[in-house]
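# Descriptive analysis of the structure
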Amino acid sequence: MAVQRSEPVSIVQLGAPLGEGPVWVERDAALWFVDIKSYRIHRLEPATNAIQSWQTPGQCGFVLPSADGGMIAGLQSGLARFDPTTGAFVPLVNPEPQHPGNRLNDGTVDPHGRLWFGTMDDGETAESGTIYRLGADGRCVASTPSCAITNGPAFSPDGRTIYHVDTGKGLIYACSVGEDGTLSDARLFASIPNSEGHPDGPTVDAEGCVWVGLYNGWGVRRYSPAGELLEQIRFPVSAITKVAFGGPERKTLYATTASKHLLAAERAEQPHAGDLFAFEVDVPGIPGVEIRHGI
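Residues numbered from 1 in each chain as written. Predicted model: local features only at pLDDT ≥ 70, side-chain atom pairs only at ≥ 80, totals over all residues. Heavy atoms only, no water.

## Observations regarding the sheet that holds strand β8 (residues 78-83)
- The strand order across the open sheet built from four strands is β6-β7-β8-β9, with neighbouring strands paired in antiparallel fashion. Both outer strands of the open sheet, β6 (60-65) and β9 (88-93), are each paired with one neighbouring strand and no more. Taking each pair of neighbouring strands and ignoring which way they run, the sheet shows an average axis angle of 30 degrees.
- As paired strands, strand β7 (residues 71-75) and β8 are joined by five bridges and run antiparallel to one another. Among the inter-strand pairings, Gly-74 is bridged to a residue of β8, identified as Leu-79. (Pairing = 2+ DSSP bridges. Helix = DSSP H or I, 4+ residues; strand = E, 2+ residues; numbered from the N terminus. Axes fitted to C-alpha atoms, helices over the stretch in contact; angles between N-to-C directions.)

Structure (structure tokens):
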């Protein structure tokens, strides 16, 4: 099915150095996202255009809703419980005390309510990052080979396939997911040459197609479940970091962007770099799931 869409437009002007992690939270009809390098969490209520912001105690790669009514944040120091009413953070677990130069970068919740998240080298060179699954016992289980910059993961609508990204090498992988969360049958899903941009944060729509933002690629791509490139949506900024479906019918695609890599002249040519963008599509996203395990 062809995707009918509007053009991407800037809806929140932040000029964020590194906007990331958009997620639609059903219970408050709001989009949550972060600015990693500014140590900020943001919450946008589209119905009123109201935006709230909180300071984080370190670089924060994502914030996701938990079934107990709270939020879980992925900080450089590890997972933490975040209370929006007080702004307080309570540490839960550090998956990598052996890698003090790493930080948490991206995360999602699978259809079973399990939290999955990635780590990466904050210097973006050492292959010290991996994708973790938070077990029911609260321990973090390393689930993919190491790379310098992980992104994702994202899940197919039935939860049986996971997609994760090696951003530096331009590779998107797919794996089969067992009932217990173990991964098997790792395979290359798509490869993107550096000249076309670096694959960043992915998401999946109701048809099982994978959407991925392109850092330094001026757009967002949509791939079929078989890995066929279906289309690319052009943006007026070069670095799209992640996309997420939201809105009442999950037909609004939100996209975070970045400005930290731009020189002064490039910044002048991209006045909306680092803003939050949105556009409309016909194929909706998958309903969100709250974290139910390991917290």
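Let's pick the thread back up.
## Some words on the UniProt feature "binding site: substrate" (unreviewed entry) in the chain
- The feature "binding site: substrate" (unreviewed entry), as annotated in UniProt, sits at Arg-103 and Asn-105 in this numbering.
- Along the chain, Arg-103 turns up in strand β10 (residues 102-109).
- A residue is classified by how much of its surface remains accessible, and Arg-103, at 2% relative accessible area, is buried.
- Look past the residues within four positions of Arg-103 in its chain and what remains in contact with it is Leu-18, Ile-36, Lys-37, Gln-59, Gln-76, Gly-118, Thr-119, Met-120 and Asp-122.
- Here Asn-105 takes part through its side chain, which lies 2.9 Å from a polar atom of the side chain of Arg-103.
- Looking at where Asn-105 falls in the secondary structure, it is placed in strand β10.
- The class of Asn-105 is buried, set by a relative accessible area of 3%.
- The contacts of Asn-105, once residues within four sequence positions are left out, are Ile-36, Gly-61, Phe-62, Gly-118, Met-120, Ile-149, Thr-150 and Asn-151. (UniProt positions renumbered as here; feature names shortened; annotations may be inferred. Buried < 20%, exposed > 50% of the residue type's maximum accessible area, 1.4 Å probe, protein only. Contact = heavy atoms within 4.5 Å. Polar contact = N/O pair within 3.5 Å; in protein donor to acceptor, adjacent residues only side chain to side chain.)

## Looking at the nonpolar core
- Counting 31 residues, the largest nonpolar core has Trp-32, Ile-41, Leu-79, Phe-82 and Leu-115 as its most contacted members.
- Discounting chain neighbours no more than four positions away, the residues touching Phe-82 are Trp-32, Ile-41, Trp-54, Val-63, Gly-70, Met-71, Ala-73, Gly-87, Ala-88 and Phe-89.
- Counting 15 residues, the second-largest nonpolar core is a separate cluster that includes Val-220, Ile-240, Leu-253 and Phe-277. (Core = buried A, V, L, I, M, F, W, Y, C linked by side-chain atoms within 4.5 Å.)

## Describing the UniProt feature "binding site: a divalent metal cation" (unreviewed entry) in the chain
- Using the residue numbers shown here, the UniProt feature "binding site: a divalent metal cation" (unreviewed entry) corresponds to Glu-20, Asn-151 and Asp-200. Spatially, the listed residues are clustered: although they cover 181 residues, their C-alpha atoms lie within 10.6 Å of one another.
- When you line up the elements, Glu-20 lands in strand β2 (residues 19-25).
- Beyond its immediate chain neighbours, meaning those up to four positions away, Glu-20 contacts Phe-33, Val-34, Ile-36, Gly-61, Asn-151, Asp-200, Thr-241, Lys-242 and Thr-256.
- Within the fold, Asp-200 resides in strand β18 (residues 198-204).
- Owing to a relative accessible area of 5%, Asp-200 belongs among the buried residues under this scheme.
- Here Asp-200 is in contact with Glu-20, Asn-151, Val-165, Thr-167, Val-212, Gly-213, Tyr-215, Ile-240 and Thr-241, once residues within four sequence places are set aside.

## Description of the packing of aromatic side chains
- All chains considered together, the criterion is met by 13 aromatic pairs.
- Residues Trp-54 and Phe-82 carry aromatic rings whose centres are separated by 5.7 Å and whose planes lie at 80 degrees to one another, so their mutual orientation is edge-to-face. One end of the pair, Trp-54, is in strand β5 (residues 50-55); the other, Phe-82, is in strand β8, and 28 residues separate them in sequence. In this pair, the class of Trp-54 matches that of Phe-82, namely buried.
- Aromatic pair Phe-82 and Phe-89: ring centres 4.7 Å apart, planes at 20 degrees, arrangement stacked. Per residue, the accessibility class of Phe-82 equals that of Phe-89, and both read buried. (Phe/Tyr/Trp six-rings, centres within 6.5 Å; stacked < 30°, edge-to-face > 60°.)

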